[in-house]
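Coordinate analysis (summary)
Letter by letter, the chains look like this.
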Amino acid sequence: MTIQIAIDGPASSGKSTIAKQIARQLNIAYVDSGAIYRTITYALLENNIQPNDSEAIKEQLQQFDIELMADQDYFEVRLNQQPIGLEIRSEQVTAAVSEVSAYPFVREYVNHKLQQLSRNYSVIMDGRDIGTVVLPEAEVKIFLTASAEVRAQRRYEENKQRNQLTQSYEDILQAIIERDRYDSNRKIAPLRKAEDAIEVDTSNLTVEEVVNKVISMIQPQL
Ligand code: CDP
Ligand code: CDP
């Protein structure tokens, strides 16, 4: 029997941190859907294609070799057979990814890959539309939130650790607010809580507290 767990929420609410730890504890695979949208965006920018050039994006998408390779407890995104790295988290990619991921043909391309693998594996998948569109039948759906200020502070700390302090806290906050607005207001698959999802506000919780809370919600389904 396979189990599907959907984790959605805005930028830096803690989705990937929490999902990775749960995947390890439950011995299931973590799938980072945002990494696929970021990889597409990165590859487009590398080919000098701008996020507003829908025709070029449509054409180029067919040429891309993007695959999800099963590792022990996660699916690695590969571009042209190579694992992708921190380049997909750059400021440039982050600024363009919401516009690219609003195209219906981009979403179809990604959803096809995500749905294919969730048929065969137990997964914990994070993103914006996992509980609403990608895995509507998921056994457990979690919607993580935190105030924009807390999320910007988290992203700032992360950048500091990576030695990537190119943006001030204020710039990060503005970029997060703008991306949330774009993701929440697009026509197709906007960021929103599925009706049957449980919302967890992580603003005042540690990672460990959130992990324990979510595990306790999953446990009855195992
Ligand atoms: O990690 P962070 O919250 O910054 O973002 P991400 O999960 O890597 O997603 C990057 C962007 O991809 C989001 O801002 C959305 O525009 C898009 N995305 C989406 O549209 N649907 C998903 N299921 C996942 C990401
Ligand atoms: O995937 P998403 O963009 O939602 O967030 P992330 O990449 O997991 O980043 C969240 C950051 O906030 C990480 O640096 C975590 O260590 C930190 N954090 C958290 O995820 N949850 C908390 N309750 C507290 C801090």
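Everything that follows concerns the structure shown earlier in this document.
This report concerns the structure included in the present document. Given the structure is predicted, the values throughout are model-derived calculations rather than measurements. (Residues numbered from 1 in each chain as written. Chains lettered and ligands numbered in written order. Predicted model: local features only at pLDDT ≥ 70, side-chain atom pairs only at ≥ 80, totals over all residues. Heavy atoms only, no water.)

Tallied over the entire structure, the rule returns 10 salt bridges. Aspartate 32 is the salt-bridge partner of arginine 89, the closest N and O atoms lying 3.2 Å from each other. Of the two residues, arginine 89 sits in the loop between β5 (82–83) and α4 (91–101) while aspartate 32 sits in strand β2 (residues 29–32), which places them 57 residues apart along the sequence. (Salt bridge = Lys/Arg side-chain N within 4 Å of Asp/Glu carboxyl O. Helix = DSSP H or I, 4+ residues; strand = E, 2+ residues; numbered from the N terminus.)

Let us look at the site of ligand 2. Within the structure, ligand 2 sits among 16 residues, and Ser12, Lys15, Ser16, Thr17 and Leu205 are positioned closest to it. Interatomic distance of 2.9 Å between a backbone N/O atom of serine 12 and an oxygen atom of ligand 2. Contact between ligand 2 and serine 13: an oxygen atom at 3.1 Å from a main-chain N or O atom of the residue. Here ligand 2, which alone exposes 540 Å², has 79% of that area covered by the protein. Elements with a minimum of two residues in the shell around ligand 2: α1 (15–26), α7 (148–161) and α9 (207–218). Looking at the shell around ligand 2, its residues break down into four nonpolar, seven polar and five charged. (Near = heavy atom within 4 Å. Polar contact = N/O pair within 3.5 Å; in protein donor to acceptor, adjacent residues only side chain to side chain. Areas by Shrake-Rupley, 256 points an atom, 1.4 Å probe, with all protein chains shown as cover. Nonpolar A, V, L, I, M, F, W, Y, C, P; charged D, E, K, R; others polar.)

What follows deals with the environment of alanine 194. In this fold, alanine 194 is placed in the loop between α8 (169–185) and β8 (198–201). Residue alanine 194 is classed as buried on the basis of its relative accessible area of 7%. Setting aside residues up to four positions removed in sequence, alanine 194 forms contacts with Gly131, Thr132 and Lys141. (Buried < 20%, exposed > 50% of the residue type's maximum accessible area, 1.4 Å probe, protein only. Contact = heavy atoms within 4.5 Å.)

Below, the discussion takes up the sheet that holds β5. Judged by pairing direction, the sheet is antiparallel, and its three strands sit side by side in the order β3-β4-β5 without closing on themselves. Either end of the sheet is taken by a strand with one partner, and the two such strands are β3 (66–70) and β5. When β3 meets strand β4 (residues 75–79), the two strands line up antiparallel, connected through five bridges. Counterpart to alanine 70 in the pairing with β4 is phenylalanine 75. Contacting β3 and β4, helix α2 (residues 33–46) crosses the sheet at an angle of about 10° to β4. (Pairing = 2+ DSSP bridges. Axes fitted to C-alpha atoms, helices over the stretch in contact; angles between N-to-C directions.)

A few words now on α9. Under the 1.5 Å per step criterion, the end-to-end length of α9 is 16 Å for 12 residues, consistent within 8% with the ideal 16 Å. Those residues of α9 that are buried are in contact with β1 (4–8), α1 and β7 (140–145). (Expected span 1.5 Å × (residues − 1).)

A separate point is unusual backbone geometry. A positive phi angle is found at asparagine 48, which is not glycine, with a value near 60°. For asparagine 48, the location among the structural elements is in the loop between α2 and α3 (54–61). Although it is not a glycine, alanine 189 sits at a positive phi angle of roughly 50°. Tracing the sequence through the fold places alanine 189 in the loop between α8 and β8. For alanine 189, a relative accessible area of 12% puts it in the buried group.

Turning our eyes to something else, we now look at the packing of α1 against α9. Their axes nearest at 10 Å, the elements α1 and α9 cross at an angle of 55°. It follows that α1 is oblique to α9 by the angle criterion. In terms of crossing hand, the pair formed by α1 and α9 is right-handed. Packed against α1, whose contacting residues are Thr17, Ile18, Gln21, Ile22, Gln25 and Leu26, the element α9 presents Val207, Val210, Val211, Val214, Ile215 and Ile218 at the interface. By residue class, the composition of the contact of α1 with α9 is nine nonpolar, three polar and no charged. (Parallel < 35°, antiparallel > 145°, perpendicular 65-115°, else oblique. Left-handed = near helix turned anticlockwise from the far one by under 90°.)

Take the side chain of threonine 41 next. Within the secondary structure layout, threonine 41 lies in helix α2. Classification of threonine 41 by relative accessible area gives buried; the value is 1%. Polar side-chain contacts of threonine 41 include one of 2.8 Å to the backbone oxygen of tyrosine 37. Ignoring any residue separated from it by four or fewer positions in sequence, one finds threonine 41 in contact with Val93, Ala96, Val97 and Val100.

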